[in-house]
Structures are given as structure tokens and as C-alpha cells.
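Listed below are the residues making up each chain.
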Amino acid sequence: MKFFNIEKTSEGKARAGEITTDHGKIQTPIFMPVGTVASVKTVHQRELKEDIKAQIILGNTYHLYLRPGMETMQDAGGLHKFMNWDLPILTDSGGFQVFSLASNRKMTEEGARFKSHIDGSYHMFSPERSMEIQRQIGADIFMAFDECTPYPCEYNQAKSSMELTHRWLKRCIDWTNDNPELYGHKQRLFPIVQGSTYSDLRKISAEVISEAGAEGNAIGGLSVGEPEEEMYRITDEVTDILPKEKPRYLMGVGTPWNILESIGLGIDMMDCVMPTRNARNAMLFTWQGVMNLKNEKWKRDFSPLDEFGTSFVDREYSKAYLRHLFVSKEYLAKQIASIHNLAFYLDLVKVGREHILAGDFYEWKNSVVPVLRQRL
């Protein structure tokens, strides 16, 4: 069974493909909703599958390790069974969460010692421990343990951090090769390219990651505050080096226009908390632009939430009603907005894929990106 099959490459770097896992196929390019603690916030698994049309979701190693803990996870039979999700799952390594705990962590060659944000207890993540936890979670795709640098980042810090990530990768691969899967389905390890915004470091890292021979590769350390142009530049440089026959995952990206630009640079997989986080703050993404549903202008707009939307909430609720729910601080507002935004993101990559197959992706992308960015 071939893990990744490219169906068509456009006139540039954009490509349409298919990833095959033991929990199902994923048509790429794909956006992956983030389910940090075994839940995509405010959204039922049934809605994820039937209304949003998610093909793969993310779980978070750091958060799941702290709660519910790995004993509960293993007793449940892994994350798929625990959360009743029978499609593919990807887990991150916990590296980014440890990075974000800057004042409560200590990095050494061995790994990262950190303080729990829940109860202040101390824990240690080594590459081996991260791999072990991700085995116990049982995701179809899991990530190598890496160190994510902040932006801006001094050159020497970025270089030493990247080299540490490369040394940790070897330990991740060794542990993975020595320890079998737990739940009867195959897990695939993706290493992560680092190097901040320095082209020479990114080139070195992309070459080291390529030589590791993994079934897919990820680009980390972007979308951490650098200008969009820098993110696109680095992504373009790295995708020139990473193997073309393997899926490329750009971590933590992004806005709808970020997603389309990244697809144009040869990216196959993306994830971001933005559609759900912004939804909870009344910001909706649509094919016409960005809407703030708290604005007074929607107070008596009884038209459907989004006439071009693909989910039931777009047809069944009006802009005025959703605004009323937000103003009233009603929980249902966050749920409706989250379903809308996620369904839009999945529709965005689906339509993008159709244009790659049709051969006019770049012409289409260049026409829709300015529209997506405008404020309504």
C-alpha cells in the first residue's frame, strides 16, 4: 500500500494527491482541524465528519499526556477509540507547547524539563518519551520531537537549536524502530525542518530531514510572528529540497490566504487553531471576505449566514441571529461560528484541489486571495 500518491502537479509546485492510512484516505491538499485535548473545540465528532467533512484531525501530545494521562489513553485503546473518531489522526510531538512555556522550561541535550500549566508539577520530555507517548496515543501520523525557536531569533541560537533537533531526530527514529505499534495500525513518523528565517540553515535542515528517509516531512518554526513574506520565502526554499514524492506538512498555518499561497508553494498538509479560535471571537471567514459578527451592521441582516457556505449552519441561521447570540454571550454562537469556519476551510482546500486538477490553480488563486482578505 503506497502511503502517498500524487495525482497531478500544476504548472508550478501545487499538487493534488492522496495519503493512505489504516484509518482511511486523505485527499491533498488538506486542512486539518486541531483537536488539542481529544476535542475540536465546541464541535461534535459527528459534525466534523458529516458537516465539516474533515478527513484528518490533530491531537496534542503535551495536553493529552497531562490529561487524561497515558494510563487512561491505553485503557481506552488509544485516541481513536477514546474520542470515537475512526478517521486518521496526527499528533504533534509536544515540542511547540514546551517552547511556548518559555518561562517554565529548561532545555538540555537530554530533553525539555517543564512545569505543567495545570498544577505546576514538573515533567521531562525527551525524544524517546515523546515517541512513547505518541505510541500510546496511537495517531496515524506522529511528529519527531523538536525545538521550535521564537521569532526573531539570533542566528547562533537558531543554528544550535536546529542541530539539537537533528540529534533528537536520530533518537526519535531509533526509538520508533525498536518499539512496535500498540493498537494494530501503522504509525508514520514525520521529522521537522527547523532553522528560523535563515535560508542557509533551512537548506541544511531540509537536506538532513530529507536524508532521514521518512514517509513524510514537516516544516516547523514558521507562523510564529514572522512577516508573511518571510514565511512564504522559507517555505518555497524548503519545498525545493524536500522529496517531491512525499507529503509536506506546514505546521500551524494559517489564514485562508496563507493556505492557498502555501499550496502554491508545494505544501500538502496544514493545520491551525485560527478557524476555531477566531470563530469563538465572532470572526467568520467566507469566500467574500472576513466578517466580524459583533458589528452593528449585521443586527438586522436576516439573510443566511453564508449563501456560499457548505454546512447546515450557513443555511439554517441568519447573520442577525448569530450576532444576537454573540452579543448575548450564548454558547451556541461559538458552536455555529466554529462549524462554519471549519467547513469553509475544508471547502477552501477542496476547491483548491479541483483547480489543481483542472490545471488553472494559480490563475484562480491570484483572483480569490484579494477577495478572501477583504473585511466585510
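The name an unreviewed UniProt entry assigns to the protein is Queuine tRNA-ribosyltransferase, from the organism Chryseobacterium joostei. UniProt annotates the protein under Sequence similarities (unreviewed entry) with the comment "Belongs to the queuine tRNA-ribosyltransferase family."

Enquirer: An account of the overall build of the protein is requested, with residue identities and associated values reported.
Expert: Within the protein one finds 15 helices and 17 strands. For 376 residues, the compact-globule estimate of 2.2 N^0.38 gives 21 Å, and the protein sits close to it at 20 Å. The dimensions of the protein, computed from C-alpha atoms along their principal axes, are 60 × 50 × 45 Å. A burial count over the protein gives 57% of its 376 residues as buried. Within the protein, residue pairs in contact and separated by at least 24 positions form 69% of the contacts whose partners lie at least 6 positions apart.

Enquirer: Account for the pattern of salt bridges, naming residues and giving values.
Expert: Tallying each qualifying case throughout the model produces 20 salt bridges. A salt bridge links Arg167 to Glu109; the nearest nitrogen and oxygen atoms lie 2.8 Å apart. One end of the pair, Arg167, is in helix H7 (residues 155-178); the other, Glu109, is in the loop between strand E7 (105-107) and strand E8 (112-115), and 58 residues separate them in sequence. Put simply, Arg233 and Glu237 hold a salt bridge, and the shortest N to O gap is 3.4 Å. Residue Arg233 and its partner Glu237 are both found in helix H9 (residues 228-241); the two are separated by four residues, about one turn of the helix. Look at Arg233 and you get partly exposed, because its relative accessible area is 27%. Within the structure, one salt-bridge network assembled from shared partners comprises Lys13, Asp236 and Asp240.

Enquirer: Please give an account of the pairing of strand E2 (residues 15-21) that cites residues and values.
Expert: Two faces belong to every sheet, and in a regular strand the side chains alternate between them. Of all seven residues making up E2, six are buried, and the element is well covered by its neighbours. The pairing of strand E1 (residues 4-9) with E2 spans five bridges and is antiparallel. Bridge pairing links Phe4 to Ile19 in E2. What sits between the antiparallel neighbours E1 and E2 is a turn of five residues. Sheet analysis places E2 next to strand E3 (residues 24-28), joined by five bridges and oriented antiparallel.

Analysis parameters
Residues numbered from 1 in each chain as written. Predicted model: local features only at pLDDT ≥ 70, side-chain atom pairs only at ≥ 80, totals over all residues. Heavy atoms only, no water. UniProt positions renumbered as here; feature names shortened; annotations may be inferred. Helix = DSSP H or I, 4+ residues; strand = E, 2+ residues; numbered from the N terminus. Rg over C-alpha atoms; globule rule 2.2 N^0.38 Å. Buried < 20%, exposed > 50% of the residue type's maximum accessible area, 1.4 Å probe, protein only. Contact = heavy atoms within 4.5 Å. Salt bridge = Lys/Arg side-chain N within 4 Å of Asp/Glu carboxyl O. Pairing = 2+ DSSP bridges.

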